[in-house]
Structure formats: C-alpha cells, structure tokens
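Listed below, chain by chain, are the residues.
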Amino acid sequence: MRRERGIFAILLLLIASHGLVHGISAALPAVLPIIKSEFGLNYTEVGMISFSMGASLGIMGVFAGLLSDKSGDKLLEILGWSIFSSAVISIFAIFACNFLAVLLFFTLLGIFLSFYHPFSLSFIAMAFKERRGRAFGTHEIGANLGLASAPALAGALAPSLGWRTFFAFLAVPAFLAAILILRTASRARMTEREGERERAGVRRAGERGVFDPPPTQRNCCCWWCEFKVFLARLREQRSLLRLYLAECTFGFVVGGASTFIPLYLVAKGFSVALAGALTGAFLAAGAVGKYLGGVLSDALGGKAISLGFLFATPLFFVVPLLPNALAVPVLILAGMTFPMSLSAIITGIGEQNAQRGLSFGFLMLAGFGFGSISRPILGIASDILGIHSIFFILALASLLGGLLFR
C-alpha cells in the first residue's frame, strides 16, 4: 500500500511536469504573431521557427529513449536534470535578437525538452501493470492543461512584457519542477531499495520491481545494435508500424493546428490576447479527449485510435466555412476529439516489453519530428492559398489517420 501511494504521488508530479513541458513548447505558437511582426517574417519563415523546435524534440527523443533503457533507477533523476537544463535555456531567450538566433534558441530548447517523454512514459509503463491506458490518459491531462494555459498566458502577457521576457519567466516553474523531481527521485530509489530488501527471498522468479529493466535490456550493447534490433522488430510487427504511422498523423495535426490557429485567428480580426485564449481553449478541450481515449483503449484496443481522427475530420473541414461565432465552438470541439487517439497510441507502445524507452523515443520522433513537417507545409500553403487552407489540410490528415485503424 505504501508503495502504491508513492507511485501515485510520482504520477501526480509527472502530470504537473508534463503540463509544464508542453506549456513551454505551446508558448511558441502564441507568441509567433509577435515574432512575425517584429522580424517582418512570412508564414513560411514562421513555420520554420516552429519546425526547428519540433524537429529537435523528435530527433533527440530517439537518443533520449536509448538512454532511458539504460538508466535503471535513475529515470526520474535524469528527467529532473533535463527539465533543469530547459529552465536554463529558457533564460537565454533574452539574447535572441534576429531570425537565426530565434531558430537556435528554439532548437536548443527542443533538445532538452526531448528527454521528458521517453523517461516519464517508460516509468509509467513499468509502474502500472493494470489499467495502463487510464494511467497514460490521466498523465496526458497534464499536457493539455499546459497546452491550454501557456497560450492564454502568453497572449495576455507577451504583448506587454515581450516574448523574450515571457520565456525567461517560464524558467521559474521549470526550476521548481526540476527540484521536486530530483528530491522525489532520491526518495523513490531509497523506498524501492528498502522494498527490495524486504522482498528478498520471497520474490517469485521473474518478478521485477518498478525500476528493473526487462531482462532483454540488462546486457548492454552498442546503440547501433539496439537500433538494428528495433528496426527488425518494426519490420516484423506491422501493428507496431501502424502505431507509429498513426502518431505521425497525430503529430502533423496537433503541430500544425497549435502553430497556425493563433495566426488564423489574428488574421480573422481577433487580438493576440484573445487568439491565445481561444487557442488555449482548443488545447484544453483535448484533456477530456485524452482521458476518454485512455479509457476506450483499455476496452477497445487499437480501434480507439480511429475514433478521434474520424470525429475531428468534418469539424476541421467546416471551420473556415463558418462565421466566427460558429467557427470557434466547432474548433474547440475538434480540439476535444482528435486527441482521443493519442492515449490509445501511447498505450499500444507501452505494451512493448523490450526496448520500451527506445520505443517511446521513436514515438517522439514520429510525433514531434514528423509533426514538425506540418509547419513549413502549412506555412507555404498559407502564403500561396491563404491561411484558411490549413483546415482543409488538417481535415485530410485526420481522415487518413482514422483510416489506418478503421
């Protein structure tokens, strides 16, 4: 019972940290109208800024996943230091004085934020053997709380404080979260080791503790060998490949939507503050969808993935065809439906018993890495066809995602 309470307390801390990590990344779309105006950028260049962060998050997520497989009882400790490093980088926003400096800043920020998901998701997958989908869905609520609050705060504060000051301000809660995680990690390892000593002699053969890696991961091998083993599994397990394709689609939709919805709303006559608040409402609605997706994944398995995509397809399509008074609630409803698929995708990945960290690392590559491609694509489409065209592209991507698991 004491161990279960400790695991639940760690989950609550991870939920809060998850919100912070996504809040830092979600603040970028909310301040993009300000950056666009300050440097005189077009939509394609704005898309490249968002691409720099998404690509670094995705690519470095693979290496973070490899490291998490070898971390043993240091999962939370490394996680804490990565958030601490992100806080330090956030302060350096004040030195971003031109377009290239902005690209460099958000690239570095994405690199350090990339550690969060492989480490936290690996921990949750090991800690929760039953109702894993619900645990992942609950963890995802934190992401949407951060995704919702950051654009609203950025829209309200960045116009007066400046976007650089706002990112430096985000370093304060990041430092606090890092300290709490590092303290919790130390206590958790002590509790786990005490439990190991108490269970010595009574543990059943093959039974593992929370921090024990699967037997196939205990013998270290070179990273390239682990890549080859993983890619071989990916070729053999078509269901696993479909999960990554679904995550690519999800990353494309959420990345493009969170980046260009504030720009679309500003172009439609909304203020930066109101556009940030409405974007926050769009992302906050996803918290409901993600929890429902986790519950449905426990009951329906992979079939739950298609539901969110298919529900969101017509909603995205009609948004630019409606007047503002009707488009906003439809947009928020779309924000609630398509994230249902993410919890089901994560649950499917979490069921992998071997190379779990690397599996989550590739999930980040699929979501953030491939998803970052949507920024320049939608930027080019906005420059050529008009910014309203982004919703037709998002509707098409959602339809393809739903058909993968139909």
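A.B. asks: Help me understand the overall build of the protein chain in this model?
C.D. replies: Along the backbone of the protein chain there are 16 helices and zero strands. Counting the 406 residues in the protein chain, one finds 57% classified as buried. The contacts of the protein chain with a sequence gap of at least 6 include a subset with a gap of at least 24, amounting to 83%. Carbon and sulfur atoms form 69% of the exposed surface of the protein chain, whose accessible area is close to 16500 Å².

A.B. asks: Where do I start with the nonpolar core in this structure?
C.D. replies: Taken as a class, soluble globular proteins show a tendency for nonpolar side chains to be buried jointly. Counting 121 residues, the largest nonpolar core has Phe106, Phe167 and Phe316 as its most contacted members. The leading source of residues in this core is helix α1 (residues 2-39), at 17 residues. Aside from chain neighbours lying at most four places away, what touches Phe167 is Ile24, Ala27, Leu28, Val31, Ser90, Ala93, Phe105, Phe106 and Leu109.

A.B. asks: Would you mind going over empty space enclosed by the protein with me for this structure?
C.D. replies: Empty space among the atoms becomes visible once a probe the size of a water molecule is rolled across them. If you walk through the whole model with that rule in mind, you get four cavities of 30 Å³ or more. Taken as a whole, the largest cavity spans an internal volume of roughly 470 Å³. In this structure, the largest cavity is lined by 33 residues; those nearest its centre are His22, Leu147, Phe250, Val254 and Phe368. At seven residues, the largest contribution of residues to the lining of the largest cavity is made by helix α9 (residues 238-267). Residue composition of the lining of the largest cavity, grouped by class: 17 nonpolar, 12 polar and four charged.

A.B. asks: Would you take a moment to explain helix α3 (residues 75-91) for this structure?
C.D. replies: Since the α-helix advances by 3.6 residues per turn, residues separated by three or four positions end up pointing in the same direction. An ideal rise of 1.5 Å per residue puts 24 Å on 17 residues; α3 measures up with 25 Å between its terminal C-alpha atoms. Taken as a whole, α3 has its buried residues at Leu75, Leu76, Leu79, Gly80, Ser82, Ile83, Ser86, Ala87, Ile89 and Ser90.

A.B. asks: Just checking my understanding: could you explain the pattern of salt bridges for this structure?
C.D. replies: Side-chain pairs of opposite charge can arise whenever the charged atoms involved come near each other. In this structure the tally under the stated criterion is one salt bridge. One salt bridge connects Arg164 with Glu38, and the closest N-O pair in it is separated by 2.6 Å. One end of the pair, Arg164, is in helix α7 (residues 163-199); the other, Glu38, is in helix α1, with 126 residues separating them in the sequence. For Glu38, a relative accessible area of 40% gives the class partly exposed.

A.B. asks: Help me understand the environment of Leu180 in this model?
C.D. replies: Note on placement: Leu180 falls in helix α7. Sequence separation of Leu180 and Gly80 is 100 residues, and the distance between their C-alpha atoms is 8.0 Å.

A.B. asks: Can you walk me through the packing of aromatic side chains in this structure?
C.D. replies: Here a ring pair, both rings aromatic, is described through the centre-centre distance and the interplanar angle of the planes. For the structure shown, the criterion picks out 16 aromatic pairs. Taking 6.4 Å as the distance between ring centres and 35° as the angle between the ring planes, the aromatic pair formed by Phe166 and Phe169 counts as tilted. Here Phe166 pairs with Phe169, and both are found in helix α7, just three residues apart, close to one helical turn. Under the relative-accessibility criterion, Phe169 is labelled partly exposed at 44%. Ring pairs connect the aromatic residues Phe105, Phe106, Trp163, Phe166, Phe167 and Phe169, which therefore count as one cluster.

A.B. asks: Explain the side chain of His18 to me, please; I cannot follow it from the model alone.
C.D. replies: By secondary structure assignment, the location of His18 is in helix α1. The contacts of His18, once residues within four sequence positions are left out, are Tyr116, His117, His139, Glu140, Gly142 and Ala143.

A.B. asks: Would you mind showing me how to read the packing of α3 against helix α4 (residues 99-113) here?
C.D. replies: Geometrically, a packed helix pair is captured by the angle between its two axes and the distance between the axes. The contact between α3 and α4 brings their axes to 8 Å, and the two run at 165°. Taken together, the axis directions place α3 and α4 in an arrangement best described as roughly antiparallel. For the crossing formed where α3 meets α4, the hand is left-handed. Of the residues in α4, those touching α3 at Ser82, Ser85, Ser86, Ile89 and Ser90 are Phe105, Leu108, Leu109, Phe112 and Leu113. A class-by-class count of the residues in the contact of α3 with α4 yields six nonpolar, four polar and no charged.

A.B. asks: So what exactly am I meant to see when it comes to the environment of Ala26 here?
C.D. replies: In this structure, Ala26 sits in helix α1. On the basis of relative accessible area, Ala26 is assigned to the buried category, the value being 6%. Once the C-alpha coordinates of Ala26 and Thr259 are considered, the two residues, 233 residues apart in sequence, prove to be 8.4 Å apart. Excluding its chain neighbours within four sequence positions, the residues that come into contact with Ala26 are Leu147, Ala150 and Pro151.

A.B. asks: Help me out: how do you make sense of the packing of helix α11 (residues 303-318) against helix α12 (residues 324-337) in this one?
C.D. replies: Where α11 meets α12, the axes come as close as 8 Å, and the angle between the chain directions of the two elements is 160°. As far as their axial angle goes, α12 and α11 are roughly antiparallel. In the packing of α11 onto α12, the handedness of the crossing is left-handed. Of the residues in α12, those in contact with Gly308, Phe311, Ala312, Leu315, Phe316 and Val318 of α11 are Val330, Leu333, Ala334 and Thr337. Split into classes, the residues belonging to the contact of α11 with α12 amount to eight nonpolar, two polar and no charged.

A.B. asks: Teacher, can you tell me more about helix α5 (residues 116-127) here?
C.D. replies: End to end, α5 covers 16 Å across 12 residues, agreeing with the expected 16 Å (1.5 Å per residue, within 8%). Taking burial as the measure, the 12 residues of α5 include 12 buried ones, the bulk of the element.

Definitions and limits used
Residues numbered from 1 in each chain as written. Predicted model: local features only at pLDDT ≥ 70, side-chain atom pairs only at ≥ 80, totals over all residues. Heavy atoms only, no water. Helix = DSSP H or I, 4+ residues; strand = E, 2+ residues; numbered from the N terminus. Buried < 20%, exposed > 50% of the residue type's maximum accessible area, 1.4 Å probe, protein only. Contact = heavy atoms within 4.5 Å. Areas by Shrake-Rupley, 256 points an atom, 1.4 Å probe, with all protein chains shown as cover. Core = buried A, V, L, I, M, F, W, Y, C linked by side-chain atoms within 4.5 Å. 1 Å grid on protein atoms, 1.4 Å probe; cavity = no way out; pocket = protein on both sides within 12 Å on 5 of 7 lines; lining within 4 Å. Points joined across faces, edges and corners; volume = space filled by probe spheres on them. Nonpolar A, V, L, I, M, F, W, Y, C, P; charged D, E, K, R; others polar. Expected span 1.5 Å × (residues − 1). Salt bridge = Lys/Arg side-chain N within 4 Å of Asp/Glu carboxyl O. Phe/Tyr/Trp six-rings, centres within 6.5 Å; stacked < 30°, edge-to-face > 60°. Axes fitted to C-alpha atoms, helices over the stretch in contact; angles between N-to-C directions. Parallel < 35°, antiparallel > 145°, perpendicular 65-115°, else oblique. Left-handed = near helix turned anticlockwise from the far one by under 90°.

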